[in-house]
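Here is what each chain is made of, one letter per residue.
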Amino acid sequence: MRNCIDNFKKSWKDLDKLSKLNENWEKLIGLELSKACKPLKIEQKTLIIAVNHPQWRQALIYNKHRLKESISGFGINLDEIKIIQNYEVKSLDKKEINAKTVWENHPSRIKNNNMVICKICNSPAPEGEISRWGKCTFCWRKNN
């Protein structure tokens, strides 16, 4: 029970640190970069940052040591910073492609497409697949 309570206290401390980071994120990394990434969690003195583009990820990787120093200026001491990709940032720029939107409109989604029969294998398939490739996904994969 005591171990459980100690772990709970530690997780609250990490949450306080993460909250402090989120509040000061723009000051720490700048306006433009703050729109492309965000701190996700702190575990065992490791900060995990999620980034929405490989170029921003690369920039953060090269500047991890500076970021770590800046963060320590806020009283948060870290052993490591891990940077992961695939964070979706809602952008005001309508031209930016959002992975969620792409998936919602994908031709293989049954939700947005009627079901039809594939003329090659006679299996049901979303109409979007047939109109895109002329066959279902399984037949398309066999040939590609």
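Residues numbered from 1 in each chain as written. Predicted model: local features only at pLDDT ≥ 70, side-chain atom pairs only at ≥ 80, totals over all residues. Heavy atoms only, no water.

(A) Spotlight on the pairing of strand β2 (residues 46-51). Of all 6 residues in β2, 6 are buried; the element is thus mostly enclosed. Neither face of β2 is left uncovered, since the one carrying T46, I48 and A50 and the one carrying L47, I49 and V51 both have all their residues buried. Relative to β2, strand β1 (residues 37-43) runs antiparallel, the two sharing 6 bridges. Residue pairing for β2: C37 is matched across the bridge by V51. Taken together, β1 and the strand that follows it, β2, pair antiparallel across an intervening segment of 2 residues, in which Q44 is found at a positive phi of about 50 degrees. Examined bridge by bridge, β2 and strand β3 (residues 80-85) share 6 bridges and lie parallel to one another. Among the inter-strand pairings, A50 is bridged to a residue of β3, identified as I84. (Buried < 20%, exposed > 50% of the residue type's maximum accessible area, 1.4 Å probe, protein only. Helix = DSSP H or I, 4+ residues; strand = E, 2+ residues; numbered from the N terminus. Pairing = 2+ DSSP bridges.)

(B) Structural view of the nonpolar core. In terms of nonpolar packing, the biggest core is built from 18 residues, with C37, L47, I49, L60, L67, I71 and I81 touching the most fellow members. Those elements that provide at least two residues to this core are α1 (2-29), β1, β2, α4 (64-72) and β3. In this structure L47 touches L18, L21, P39, K41, I42, I71, L78, E80, I81 and K82, once residues within four positions along its chain are discounted. (Core = buried A, V, L, I, M, F, W, Y, C linked by side-chain atoms within 4.5 Å. Contact = heavy atoms within 4.5 Å.)

(C) Layout of the state of the cysteines. One pass over the structure, following the stated rule, counts 0 disulfides. Lacking any disulfide linkage, C139 is separated from the closest cysteine sulfur, that of C136, by 3.6 Å. (Disulfide = S-S within 2.5 Å.)

(D) Here's a closer look at the confidence of the model for the protein. Averaged over every residue, the pLDDT of the protein is 79; residues scoring 70 or more account for 72%. Per-element confidence in the protein is highest for β2, whose mean pLDDT is 91, and lowest for helix α5 (residues 99-104), whose mean pLDDT is 66. (pLDDT = per-residue confidence, 0-100.)

(E) Structural view of the sheet that holds β2. Strand order in this open sheet of 3 strands is β1-β2-β3, and the pairing throughout is mixed. In this open sheet, the two strands that pair with only one neighbour each are β1 and β3. In this sheet, adjacent strand axes meet at a mean angle of 25 degrees when their direction is disregarded. Its contacts with the sheet place helix α3 (residues 54-62) against β1, β2 and β3, and it is angled at close to 170 degrees to β3. Of the strands in this sheet, β2 and β3 are in contact with α4, which crosses β3 at around 120 degrees. (Axes fitted to C-alpha atoms, helices over the stretch in contact; angles between N-to-C directions.)

(F) Layout of unusual backbone geometry. Positioned with a positive phi, Q44 is a non-glycine residue whose angle comes to about 50 degrees. Following the sequence through the fold, Q44 ends up in the loop between β1 and β2.

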